[in-house]
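Understanding the architecture of this molecule
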Amino acid sequence: MKLILKKCFSILFGLLVGLIICEIVLHFYNPLPFAISKGKLVLPANQEMVFKNTWIKKLDSNIYYSRNSLGFRGPEPTDSVNKLFSLICIGGSTTECRFISDSLTWPYQLSAKIKDSLPGIWLNNAGVDGHSTFGHLLLLKEYITRLQPKYVTLLISVNDIENNKPQQYDVMNEKKINYLSAKSFFKSLLNKTELGSTFFQLYAIKGAYRKGLIHKEVDFTALKDTALTEAYKSDFIKRQAAYLVQYKQRISDMIAICKANNVTPILLTQPSLFGNFTDSATMINIGNKMIPGTTPVCNAALMGNVLELYNDVVRSFGNQAKVVDLATLMPKNSNYYYDFIHYTNAGCGKIGTILSKELVPWFKMNN
């Protein structure tokens, strides 16, 4: 018995030492750079790197990626941000465009297209891959309110589908231990460690994979058709109701934070290749094509209907903020996407063109 206890103690001690070593290593180097660390959003600053892309054929083989001293993609500010004609683009992966070179992302291309009409504009890309409106709220509270740009764009919807975790994010934002339940206590305690926050990020990545939101080139000609029953589709749609109520509240909260800090919000609906349509590039009917990796199973037509519910919530704020309906204005053409939601270089250029046409007259009327 003593020998067994000694072995158990040795195993537990070894595990403890291993966890401590991992915690120390992650404190100095975390391979997931966009960490929620000890309840605070951390944007890595002053980064320059070159990605060697071998897995997305529609994109460049060399991708030039950088972050400035603010932790954003784009030029350094020439003065205090609140003194400039400043625009910061907020969103998830479809704003950050992580696998698009700096000068080809849609925020950069938008800046290039409007600078002649709007001299002196300073535009930065604050997109963070994986962020939903929960992350946007943290970004607004911890970064944007301090900088006070004149304008922000918010490209939202797709990462909020069936996303209903305000309690966890509230805990992280409050930076305190939550005693509401054993589960909440455990989560909030873990979040105070590097290991815990990294675990939550990996869990979020897993959730994104289940929704089909991971970066992976889609061959639309090879997708299988998946016919879904009317009952299945109806249940899928009905399930969104509770999520939509809280999603609307989070948008309202973001608008309130912006206006309280003299920041003018511009809402953008999320374009995609979801929906029931014929792709003008391949002439394939996309509607019944199964979205790879999604759990539960979903096809493009059903996901298009779901995403439109979330886009409709964004459109409903047209009396409170400028809304640009990118979901309607962006052509459904697979040349503009490398999967169902992420853009190619050409897609980023198209978005830059659409937004410049929509925003330049509006900016001139409001300045």
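Residues numbered from 1 in each chain as written. Predicted model: local features only at pLDDT ≥ 70, side-chain atom pairs only at ≥ 80, totals over all residues. Heavy atoms only, no water.

**Section: the packing of helix H3 (residues 106-114) against helix H12 (residues 345-365)**
The geometry of H3 relative to H12 is characterised by a closest axis approach of 8 Å and an angle of 45 degrees between their N-to-C directions. With respect to each other, H3 and H12 are oriented oblique. In this structure, H3 crosses over H12, and the sense of that crossing is right-handed. Residues Trp106, Gln109, Leu110, Lys113 and Ile114 of H3 form the contact with H12, whose own contacting residues are Asn345, Cys348, Gly349, Ile351, Gly352, Thr353, Leu355, Ser356, Leu359 and Val360. By residue class, the composition of the contact of H3 with H12 is eight nonpolar, six polar and one charged. (Axes fitted to C-alpha atoms, helices over the stretch in contact; angles between N-to-C directions. Helix = DSSP H or I, 4+ residues; strand = E, 2+ residues; numbered from the N terminus. Parallel < 35°, antiparallel > 145°, perpendicular 65-115°, else oblique. Left-handed = near helix turned anticlockwise from the far one by under 90°. Contact = heavy atoms within 4.5 Å. Nonpolar A, V, L, I, M, F, W, Y, C, P; charged D, E, K, R; others polar.)

**Thoughts on the packing of aromatic side chains**
Taken as a whole and assessed by the stated rule, the structure comprises 14 aromatic pairs. Where Phe85 meets Tyr151, the ring centres are 6.0 Å apart and the plane angle is 65 degrees; that geometry is what we call edge-to-face. With Phe85 in strand S5 (residues 85-91) and Tyr151 in strand S7 (residues 151-155), the pair connects residues that are 66 residues apart, well separated along the chain. With a centroid separation of 5.6 Å and an interplanar angle of 90 degrees, the aromatic rings of Phe85 and Phe363 are classed as edge-to-face. You can see Phe85 sitting in strand S5 and its partner Phe363 sitting in helix H12, a full 278 residues away along the chain. Each member of the pair Phe85 and Phe363 is classed as buried. Here a set of aromatic residues connected by ring pairs shows up, and it is made of Phe51, Trp55, Tyr65 and Phe99. (Phe/Tyr/Trp six-rings, centres within 6.5 Å; stacked < 30°, edge-to-face > 60°. Buried < 20%, exposed > 50% of the residue type's maximum accessible area, 1.4 Å probe, protein only.)

**Re the pattern of salt bridges**
For the structure on display, the rule yields ten salt bridges. With a shortest N-O distance of 3.4 Å, Glu96 and Arg98 are connected by a salt bridge. Overall, Arg98 belongs to the buried group, its relative accessible area being 15%. The partner of Lys289 in a salt bridge is Asp225, and the shortest N-O contact between them spans 3.2 Å. In this pair, Lys289 is assigned in the loop between strand S8 (264-268) and helix H10 (300-315) and Asp225 in the loop between helix H7 (194-210) and helix H8 (230-238), connecting sequence segments 64 residues apart. For Lys289, a relative accessible area of 9% puts it in the buried group. Residue Asp225 is classed as exposed on the basis of its relative accessible area, which comes to 56%. Three or more residues joined by partner-sharing salt bridges are found here, namely Glu308, Asp312, Arg315 and Asp325. (Salt bridge = Lys/Arg side-chain N within 4 Å of Asp/Glu carboxyl O.)

**Topic: the packing of helix H4 (residues 133-147) against helix H9 (residues 241-260)**
Two numbers describe a pair of packed helices, the interaxial angle and the distance between the axes. In the contact formed by H4 and H9, the axes pass within 10 Å of each other and the chain directions differ by 10 degrees. What the angle tells us is that H4 and H9 run roughly parallel. Contacts from Thr133, Phe134, His136, Leu137, Leu140, Lys141 and Thr145 in H4 reach Tyr247, Arg250, Asp253, Met254, Ile257 and Cys258 in H9. Within the contact of H4 with H9, the residues separate by chemical class into seven nonpolar, three polar and three charged.

**Some details on the pairing of S7**
A large share of S7 lies buried, amounting to five of its five residues. Of the two faces of S7, the one carrying Tyr151, Thr153 and Leu155 and the one carrying Val152 and Leu154 are both buried. Of the strand pairs in this sheet, S5 and S7 are connected by five bridges, and their pairing is parallel. Looking across to S7, one finds that Ile88 is bridged to Val152. In this structure, S7 lies alongside S8, joined through five bridges in parallel fashion. (Pairing = 2+ DSSP bridges.)

**Thoughts on the confidence of the model for the protein chain**
Taken over all residues, the pLDDT of the protein chain has a mean of 85, while the share at 70 or more is 78%. Across residues 33-38 the pLDDT falls below 50, and counting only partners more than four positions away or on other chains, this stretch makes 30 contacts in the model. Confidence drops under a pLDDT of 50 for residues 166-175, and excluding neighbours within four residues, the segment shows 25 contacts in the predicted structure. (pLDDT = per-residue confidence, 0-100.)

**Re the side chain of His131**
Within the secondary structure, His131 is located in the loop between strand S6 (121-125) and H4. Residue class for His131 comes out buried when judged on its relative accessible area of 12%. When neighbours within four sequence positions are excluded, His131 is seen to be in contact with Leu41, Gly91, Gly92, His136 and Asn159.

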